[in-house]
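Notes for the structure review
This is what each chain is made of:
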Amino acid sequence: MQYVERVLEELKRKNPNEPEFHQAATEILNGLKPVVAKHPEYENAALLERFVEPERVIIFRVPWVDDGGKTHVNRGYRVQFNSAIGPYKGGLRFHPSVNLSIIKFLGLEQILKNSLTGLPIGGGKGGSDFDPKGKSEGEIMRFCQSFMTELYRHIGQDNDVPAGDIGVGGREIGYLFGQYKRICNEHVGVLTGRGLSYGGSLARTEATGYGLVYMVEEALKARGDGFCGKTVVVSGSGNVAIYAAEKAQSLGAKVVAMYDSNGFIYDGAGVKLEVIKQIKEVERGRIKEYAARVKGAEYHEGCAGIWNIPCDVALPCATQNEIGEEAARTLVKNGVKYVGEGANMPTTLEGIAAFQRAGVVFLPAKAANAGGVATSALEMAQSSGRMFWSFEEVDAKLKGIMANIYRNMDLAAREYGAEGDYVAGANIAGFLKVAEAMMAQGIV
Ligand code: NDP
Ligand code: 2IT
């Protein structure tokens, strides 16, 4: 049996019941076949076996008391996956679906994503099965404080620097930071995505969505095209989705649909983002409200129907496995030309294959959504240097980083005989740097 197949089989045997982790590992390791063929020394050093085994997995109890005095217990996670090129770095997700499989798939992806940014950050991920929906401010604060009361002992500005992800935005980072500072008595850059008044970076809020659109723009430019006049569908209506839509609109595209976990809105005249922001960011309400407030807009129950809407560019920005084979085929049939993954692993393996067979330009998550963590690394640099860069400076750096990632994955794909296959290109370009660092550091 070939090396990659052997490692995958062993991974599935050792980690049964972790389907998302298997899926991410399968995509990554298959893309690395030409790399291990060229580097037999990797097999001798069990490099892939070490790459897919987290350096450390922390699972902990998070007890908290709700407003009615009832006690709840959630489960907290931090997977410190790989520190070869820098301190563990990656977000925290609070969502009822969170389990070890999901955190491990996200952590594995994060290693290569962070490598692609070109900045010195290793890979990690964490979170909890806590559901922030319907909780009061006090409950959110107490949960965050309880979560950090255990997590603090495992993280640090030079060791592991968490940030946000689904269900963790500026509000939660504030409460987590406050508790860390109180316990450790130090005001340091231990979390990113902080508020501007206590060490955050300008443009971090916008960075993932803007970065995604910068990358799709690079792909369009390389084909003599641009965003102007394109019809775009964006799934989700959270942090990544809102700022992807905002940047696409500012480049002249028309965003016609978005969703939350209950259903999607269609607005043929172009989505009014100020209304979406009011509903989702200010009121923390449901997207259904949009159709009640905007004349001519439609609301449809359920998410899947969004992929039946014809578009030139699809930007899945909500969660894993939003686009399966059937949705991908429908998008292709309706003329989609570009898919940029804002969420992590939003397309299934079968969905990716359907896009690639049809010649769709497919920009995978670990490259396309790397702008968020890249700007987190810029936040770390500003914290350490005790200084602040302007919005324009950070945005310009972000744009440069996204262009660089596009170039590097494109080159890697060509060099390894997979021209235009950005899934392979991103995996190879990200992995080569991690592999070099791991080889240099010996068997650890
Ligand atoms: P948010 O919590 O801000 O928004 C998530 C959005 O996706 C919401 O609209 C939410 O709907 C929807 N959603 C979440 N889970 C589901 C589900 N199971 N089914 C349908 N819709 C769902 O998260 P972010 O915008 O920060 O994250 C979105 C994606 O982007 C995630 O995959 C995340 O890992 C990825 N990402 C985030 C980065 C960041 O900087 N924040 C960086 C790189 C990637 P509802 O409100 O109804 O729950
Ligand atoms: O998936 C991701 O890259 C994130 N959620 C952002 C991580 C970070 O450390 O900014």
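For every chain, the first residue of the written sequence is number 1, and numbering continues from 1 onward in sequence order. The order in which chains are written sets their letters, starting at A; the order in which ligands are written sets their numbers, starting at 1. Under the rules for a predicted model, residues below a pLDDT of 70 receive no local features and side-chain atom pairs below 80 are neither given nor counted, while totals for whole chains, interfaces and linings still include all residues. Side-chain metrics in this entry use all non-hydrogen atoms of the structure; hydrogen atoms and water are not considered.

1. Things to note about the overall build of the protein chain
In plain terms, the rule: Going along the chain from the N terminus, every DSSP run of H or I of four or more residues is numbered as a helix, and every run of E of two or more is numbered as a strand. The atom set for the radius of gyration is the C-alpha atoms, and the globule formula is 2.2 Å times the number of residues raised to the power 0.38. The buried label goes to any residue with under 20% of its type's maximum accessible area, the exposed label to any with over 50%, and the partly exposed label to all in between, with areas taken from a 1.4 Å probe on protein chains only. In what follows, residue pairs with any heavy atoms lying within 4.5 Å of each other are defined as contacts.
Scanning the protein chain from N- to C-terminus turns up 18 helices and 12 strands. Compactness check: the protein chain gives a C-alpha radius of gyration of 21 Å against a globular reference of 22 Å for 444 residues, within 12% of the reference. Dimensions of the protein chain, computed from the C-alpha atoms along their principal axes, are close to 65 × 55 × 45 Å. In the protein chain, buried positions account for 57% of the 444 residues. Residue pairs in contact within the protein chain that sit at least 24 positions apart in sequence constitute 70% of those at least 6 positions apart.

2. Side note on the nonpolar core
Applicable threshold: Within this scheme, the nonpolar core is defined by two criteria: the residues are buried Ala, Val, Leu, Ile, Met, Phe, Trp, Tyr or Cys, and they are joined through side-chain atoms within 4.5 Å.
Ranked by internal contacts, the top residues of the largest apolar core, which has 96 residues, are Met258, Leu315, Leu363 and Phe431. The element contributing the most residues to this core is helix H18 (residues 422-440), with 10 residues. When sequence neighbours within four positions are dropped, the list of residues in contact with Leu363 reads Met215, Val216, Ala219, Val339, Gly340, Glu341, Ala368, Tyr406, Met409 and Tyr422. Of all hydrophobic cores here, the second largest spans 23 residues; its members include Phe60, Trp64, Phe147 and Met148.

3. A closer look at the site of ligand 1
Test applied: In these notes, residues near a molecule or strand are those with any non-hydrogen atom within 4 Å of it. Whenever two N or O atoms come within 3.5 Å, that pair is a polar contact, provided that in protein one can donate a hydrogen and the other can accept it, and provided that, for residues adjacent in sequence, both atoms are side-chain atoms. Surface exposure here means Shrake-Rupley accessible area, sampled with a 1.4 Å probe, where a residue is shielded only by the protein chains that are shown. Classes in brief: Ala, Val, Leu, Ile, Met, Phe, Trp, Tyr, Cys and Pro nonpolar; Asp, Glu, Lys and Arg charged; the others, Gly included, polar.
Around ligand 1 sit 25 residues, and of these Asp165, Thr208, Ser261, Arg286 and Asn344 come closest. A distance of 3.0 Å separates an oxygen atom of ligand 1 from a polar atom in the side chain of Arg93. Considering ligand 1 on its own, with 890 Å² of exposed area, one finds that the protein chains cover 85% of that surface. Going through the elements one at a time, helix H9 (204-222) and helix H10 (239-250) are the ones with two or more residues in the shell around ligand 1. A breakdown of the residues in the shell around ligand 1 according to their chemical character gives 6 nonpolar, 12 polar and 7 charged.

4. Some details on the site of ligand 2
If you check the shell around ligand 2, you find 14 residues, and the closest are Lys89, Lys113, Lys125, Asp165 and Ser376. Contacts to ligand 2 include Gln110, whose side-chain N or O atom sits 3.0 Å from an oxygen atom. Here an oxygen atom of ligand 2 and a side-chain polar atom of Arg204 are 3.0 Å apart. When isolated, ligand 2 has an accessible area of 300 Å², and the protein chains bury 93% of it. Those elements that place two or more of their residues in the shell around ligand 2 are strand E3 (88-94), helix H6 (100-116) and helix H16 (370-385). Along the lines of polarity and charge, the residues of the shell around ligand 2 split into 2 nonpolar, 7 polar and 5 charged.

5. Here we look at the sheet that holds E3
The following threshold applies: Strands are labelled as partners when DSSP assigns at least two bridges between them. The angle between two axes is taken between their N-to-C directions and runs from 0 to 180 degrees, where each axis is a line fitted to C-alpha atoms and a helix contributes only its stretch in contact.
Within the open sheet, the 5 strands sit side by side as E1-E2-E4-E3-E5. Their pairing is mixed. With partners counted over all chains shown, the strands left at the sheet margins are strand E1 (56-65) and strand E5 (160-163), one partner each. Here the strands of the sheet are splayed against their neighbours by 20° on average, with no regard to which way each runs.

6. Examining unusual backbone geometry
The backbone phi angle of Ala203 is positive, close to 75°, even though this residue is not glycine. Along the polypeptide, Ala203 turns up in the loop between helix H8 (170-184) and H9. With a relative accessible area of 7%, Ala203 lands in the buried category. Phi at Arg386 takes a positive value of approximately 50°, unusual for a residue other than glycine. Here Arg386 lies in the loop between H16 and helix H17 (391-415). A relative accessible area of 71% places Arg386 in the exposed class.

7. As for helix H13 (residues 325-333)
Stated formally: The directions considered for the arc are those from the helix axis to the C-beta atoms.
Listed as buried for H13 are Ala327, Ala328, Thr330 and Leu331. The buried side chains of H13 occupy one side of the element, clustering within an arc of 160° when seen end-on. Within H13, the exposed residues directed more than 90 degrees away from the buried face are Glu326 and Lys333. Contact partners of the buried residues in H13: strand E10 (313-316) and helix H14 (349-357).

8. Quick look at the packing of aromatic side chains
Put simply, the rule reads: Two rings belonging to Phe, Tyr or Trp (six-membered ring only in the last case) form a pair when the distance between their centres is within 6.5 Å. Interplanar angles under 30 degrees mark stacking, angles over 60 mark edge-to-face geometry, and anything in between is tilted. We call a charge positioned over a ring when the NZ of a Lys or the CZ of an Arg lies within 6 Å of the ring centre and within 35 degrees of the ring normal.
In the structure shown here, the tally under the stated rule is 16 aromatic pairs. For the ring pair Phe51 and Phe431, a centre distance of 5.2 Å and an interplane angle of 85° mean the geometry is edge-to-face. Note that Phe51 is positioned in helix H5 (residues 47-51) and Phe431 in helix H18, a separation of 380 residues in sequence. Here the aromatic rings of Phe94 and Phe143 are separated by 5.1 Å at their centres, their planes lie at 90°, and the arrangement is edge-to-face. Taken together, the positions of Phe94 in strand E3 and Phe143 in helix H7 (residues 137-151) put the pair 49 residues apart, joining distant regions of the chain. Note on Phe94: relative accessible area 1%, which makes it buried. The exposure class assigned to Phe143 is buried, which follows from its relative accessible area of 0%. One cation-aromatic arrangement involves Lys135 over Phe130; the distance from NZ or CZ to the ring centre is 5.3 Å. Across the ring face of Tyr210, the terminal group of Lys247 is positioned such that the distance to the ring centre comes to 4.5 Å.

9. Observations concerning the pattern of salt bridges
As a reminder of what qualifies: Here, a salt bridge means any Lys or Arg side-chain nitrogen found within 4 Å of an Asp or Glu carboxyl oxygen.
The tally for this structure, following the rule as stated, stands at 26 salt bridges. The partner of Asp160 in a salt bridge is Arg78, with the nearest N and O atoms 2.6 Å apart. Taken as a pair, Asp160 in strand E5 and Arg78 in strand E2 (residues 71-82) lie far apart in primary sequence, 82 residues in all. For Asp160, a relative accessible area of 0% translates into the label buried.

10. Details of the packing of H16 against H17
Applicable threshold: Oblique is the label for any angle not covered by the other classes, which are roughly parallel (under 35 degrees), roughly antiparallel (over 145) and roughly perpendicular (65 to 115). Definitions for this section: a left-handed crossing has its near helix turned counterclockwise from the far helix by less than a right angle. A right-handed crossing has that turn clockwise.
It is at 10 Å that the axes of H16 and H17 come closest, and there the two elements cross at 130°. Viewed along their axes, H16 and H17 adopt a mutual orientation that is oblique. The two elements H16 and H17 cross, and the hand of that crossing is right-handed. Along its contact with H16, which presents Ala370, Gly371, Ala374, Thr375, Leu378 and Gln382, the element H17 presents Val394, Lys397, Leu398, Ile401, Met402 and Ile405. The class makeup of the residues in the contact of H16 with H17 is 8 nonpolar, 3 polar and 1 charged.

In short, geometric facts, not functional conclusions.
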